[in-house]
Amino acid sequence: MPCFDDVVGEPGGGVSVYAQLVDTGAQRLRALEDLPPQEREFQQRIDAGTKIEPKDWMPEGYRKTLVRQISQHAHSEIVGQLPEANWVTRAPTLQRKAILLAKIQDEAGHGLYLYSAAETLGVSRDELLAALHAGKAKYSSIFNYPTLSWADMGAIGWLVDGSAIINQIPLCRCSYGPYARAMVRVCKEESFHARQGYDIMMALCKGSAEQRQMAQDALNRWWWPSLMMFGPSDRDSVNSAQSAQWRIKLFSNDELRQRMVDQTVPQAERLGLTIPDPALRWNEDTGHYEFGEIDWTEFHDVLKGNGPCNRERLRTRVQAYEDGAWFRDGLLAHAEKQAARRSLAA
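Notes on the structure follow. (Residues numbered from 1 in each chain as written. Predicted model: local features only at pLDDT ≥ 70, side-chain atom pairs only at ≥ 80, totals over all residues. Heavy atoms only, no water.)

### Here's the deal with the overall build of the protein chain
Here is step 1 of the chain: In terms of helices and strands, the protein chain carries 13 helices and two strands.
Here is step 2 of the chain: For 346 residues, the compact-globule estimate of 2.2 N^0.38 gives 20 Å, and the C-alpha radius of gyration of the protein chain, at 21 Å, lies within 12% of that figure.
Here is step 3 of the chain: When the 346 residues of the protein chain are sorted by exposure, 51% land in the buried category.
Here is step 4 of the chain: Accessible area of the protein chain: about 16,300 Å², with a carbon and sulfur share of 53%.
Here is step 5 of the chain: Separation of charge centres in the protein chain, based on 40 positive and 45 negative side chains, amounts to 5 Å. (Helix = DSSP H or I, 4+ residues; strand = E, 2+ residues; numbered from the N terminus. Rg over C-alpha atoms; globule rule 2.2 N^0.38 Å. Buried < 20%, exposed > 50% of the residue type's maximum accessible area, 1.4 Å probe, protein only. Areas by Shrake-Rupley, 256 points an atom, 1.4 Å probe, with all protein chains shown as cover. Lys, Arg positive; Asp, Glu negative; His and termini not counted. Charge placed at Lys NZ, Arg CZ, Asp CG, Glu CD.)

### Regarding the packing of aromatic side chains
Here is step 1 of the chain: The final tally for this structure, using the stated rule, is eight aromatic pairs.
Here is step 2 of the chain: On the numbers, 4.9 Å between centres and 75° between planes, the contact of Phe-42 with Tyr-62 is edge-to-face. In this pair, Phe-42 sits in helix α1 (residues 37-47) while Tyr-62 sits in helix α2 (residues 60-79), placing the two residues 20 residues apart along the sequence. The same class applies to Phe-42 as to Tyr-62, namely buried.
Here is step 3 of the chain: Taken together, a centroid distance of 4.8 Å and an interplanar angle of 70° make the contact between Trp-282 and Tyr-289 edge-to-face.
Here is step 4 of the chain: You can call Tyr-289 buried: its relative accessible area is 13%.
Here is step 5 of the chain: Positioned above the aromatic ring of Phe-251 is the side chain of Arg-259, whose terminal nitrogen or guanidinium carbon lies 4.1 Å from the ring centre. (Phe/Tyr/Trp six-rings, centres within 6.5 Å; stacked < 30°, edge-to-face > 60°. Lys NZ or Arg CZ within 6 Å of the ring centre and 35° of its normal.)

### Some remarks on helix α7 (residues 177-205)
Here is step 1 of the chain: Between its terminal C-alpha atoms α7 stretches 42 Å, which fits the 42 Å expected from 29 residues at 1.5 Å a residue.
Here is step 2 of the chain: Maximal helix bending in α7 amounts to about 25°, located at Val-184. (Expected span 1.5 Å × (residues − 1). Bend = angle between axes of the 7 residues up to and from the residue.)

### Here we look at the packing of α2 against α7
Relative orientation and spacing of two packed helices are given, respectively, by the angle between their axes and the distance between those axes.
Here is step 1 of the chain: Here α2 crosses α7 at 25°, and the two axes come no closer than 13 Å. Comparing their axes, α7 and α2 come out roughly parallel. Taken as a pair, α2 and α7 cross one another with a handedness that is left-handed. In contact with Leu-66, Gln-69, Ile-70, His-73 and Glu-77 of α2, α7 contributes Tyr-179, Met-183, Val-186 and Glu-190.
Here is step 2 of the chain: Tallied by class, the residues present in the contact of α2 with α7 amount to five nonpolar, two polar and two charged. (Axes fitted to C-alpha atoms, helices over the stretch in contact; angles between N-to-C directions. Parallel < 35°, antiparallel > 145°, perpendicular 65-115°, else oblique. Left-handed = near helix turned anticlockwise from the far one by under 90°. Contact = heavy atoms within 4.5 Å. Nonpolar A, V, L, I, M, F, W, Y, C, P; charged D, E, K, R; others polar.)

In structure tokens form, the structure reads like this:
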């Protein structure tokens, strides 16, 4: 399937919704009494709810896991701008255009907050971006799907950003201080994004039969990729268990995915849209919706770089970075000049 939205990145995938497969390096989960004294003290601080700060001692596995997760999250934010950028010039009204531009600008800011948080762990932003541009780093698989109509802007806000909020609000309470604090503002802005998306869908569903069909088509295409965002079931995953013990991850993929389904189905009913899942049904005993099996083959294919837009996304991202080199060089030259002046004045 070709990428019709003319915007362009790479094999993406990402314990945040935007970090789908993060290797903690753990071979097994160790009990508190089995940990070395320094690591045991570290774990006790986490268990007590104490935030870990950049200058605190931390196990190397904890640091590396955070670097992977936060950087994948940051990459997802900046690559996530690309599917929407194609619709800035084709938004139906000036107001919709201004709102979409504001949202895209927010995503850039989220990337900056997160790269800054990652830098507190001893890695440079240049390092992280080089890994992304070389295809060595991952980002969320959801951004490797094309945006075929204006309704996709609504579906992305409603489903994708809605899923992100479900995952990211718990991250405001994660054990690493800089990440937790960055997520507070990110979540506030993502809440706006989700409402913006639902508003687009509501407007379409109140419109003509053709517009309602456009909204239904967008839901049909984005529903299953949105469920895949949470990653495979992690009940037996050593990596997920270790991330949970470190309080980097607070809920399992399956718990978060269930929350998304339970939250979204009534919203779809209010819009008059049909969730594209014949197995979907309410279970009175559990108080949750049951839903069909996810196509994990598709998920892994996209992670491997075989999604509709993987290569185009990376190519566009690299081109944008190269096109902005003159501006970064200018900023550095100005900063060096200012530093030299301050040095002379001293």
